[in-house]
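# A closer look at the structure
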Amino acid sequence: MQKISWVVFFLLLNVGFCAAAEDSTEVKARKLEYSDFIANYSINDTSNTVIDIFFDKRNNTAKGQMSFFPITAAIFPLVPIISIGLSVVTFPMFVNGTVVLVKYRKKKLQKVLIHYKETKELPKWVRKKVNKSLEKGQFDYE
């Protein structure tokens, strides 16, 4: 009986190592960085602007809004009265930052850029932001 359990153990161990050693060439979108998106998905100024908009919203807007609520929570043990008032103000900002973070996630950016590369069309909500950015000259590519 012990020999069978050892054989089963080694078979499962071998299967685990084989599954971990599989070579997948597809990198998940969440592991891609700004430079990876520029290198792999950028075909013109419009796609560069889309990448810049997504990363700007993710890194500056969303994370900036979300950072205030944990600070308020850390202040709570020291000054509870002030912290409660600040929580009323910062919690809606935290929720909005979370929504922005989900809306501008890297997987969605990857889908938008692949669709743009194939069809040369952007979704309406992205197209509006790109047109505003290009008109303002916010992102200058020369």
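Below you will find a few notes about this structure.

There is a patch of nonpolar side chains on the surface, built from Leu78, Val79, Ile81, Ile82 and Leu86 and spanning about 510 Å² of accessible area. By the secondary structure assignment, Leu86 is in helix α5 (residues 80-103). Accessibility expressed as a relative area gives 36% for Leu86, which makes it partly exposed.

We now examine the nonpolar core. Counting residues in hydrophobic clusters, the biggest one holds 18 residues, and the most contacted among them are Phe37, Val50, Leu109, Leu113, Leu122 and Val126. Contributions of two or more residues to this core are made by α2 (34-41), α3 (45-66), α6 (106-119) and α7 (124-136). Ranked by residues supplied to this core, first place goes to α3 with six residues. If sequence neighbours within four positions are ignored, Val126 has contacts with Val50, Phe54 and Val112.

Right, let's get into the packing of α3 against α7. As a packed pair, α3 and α7 sit with axes 10 Å apart at the nearest point and diverge in direction by 100 degrees. Compared by their axis directions, α3 and α7 come out roughly perpendicular. Counted together, Thr46, Thr49, Val50, Ile53 and Phe54 of α3 and Trp125, Val126, Lys129, Val130, Ser133 and Leu134 of α7 form the full contact between these two elements. Residue composition of the contact of α3 with α7, grouped by class: seven nonpolar, three polar and one charged.

Calculation criteria
- Residues numbered from 1 in each chain as written.
- Predicted model: local features only at pLDDT ≥ 70, side-chain atom pairs only at ≥ 80, totals over all residues.
- Heavy atoms only, no water.
- Patch = residues over 30% accessible without salt bridge, like charges linked within 9 Å, V, L, I, M, F, W, Y side chains within 5 Å.
- Areas by Shrake-Rupley, 256 points an atom, 1.4 Å probe, with all protein chains shown as cover.
- Salt bridge = Lys/Arg side-chain N within 4 Å of Asp/Glu carboxyl O.
- Helix = DSSP H or I, 4+ residues; strand = E, 2+ residues; numbered from the N terminus.
- Buried < 20%, exposed > 50% of the residue type's maximum accessible area, 1.4 Å probe, protein only.
- Core = buried A, V, L, I, M, F, W, Y, C linked by side-chain atoms within 4.5 Å.
- Contact = heavy atoms within 4.5 Å.
- Axes fitted to C-alpha atoms, helices over the stretch in contact; angles between N-to-C directions.
- Parallel < 35°, antiparallel > 145°, perpendicular 65-115°, else oblique.
- Nonpolar A, V, L, I, M, F, W, Y, C, P; charged D, E, K, R; others polar.

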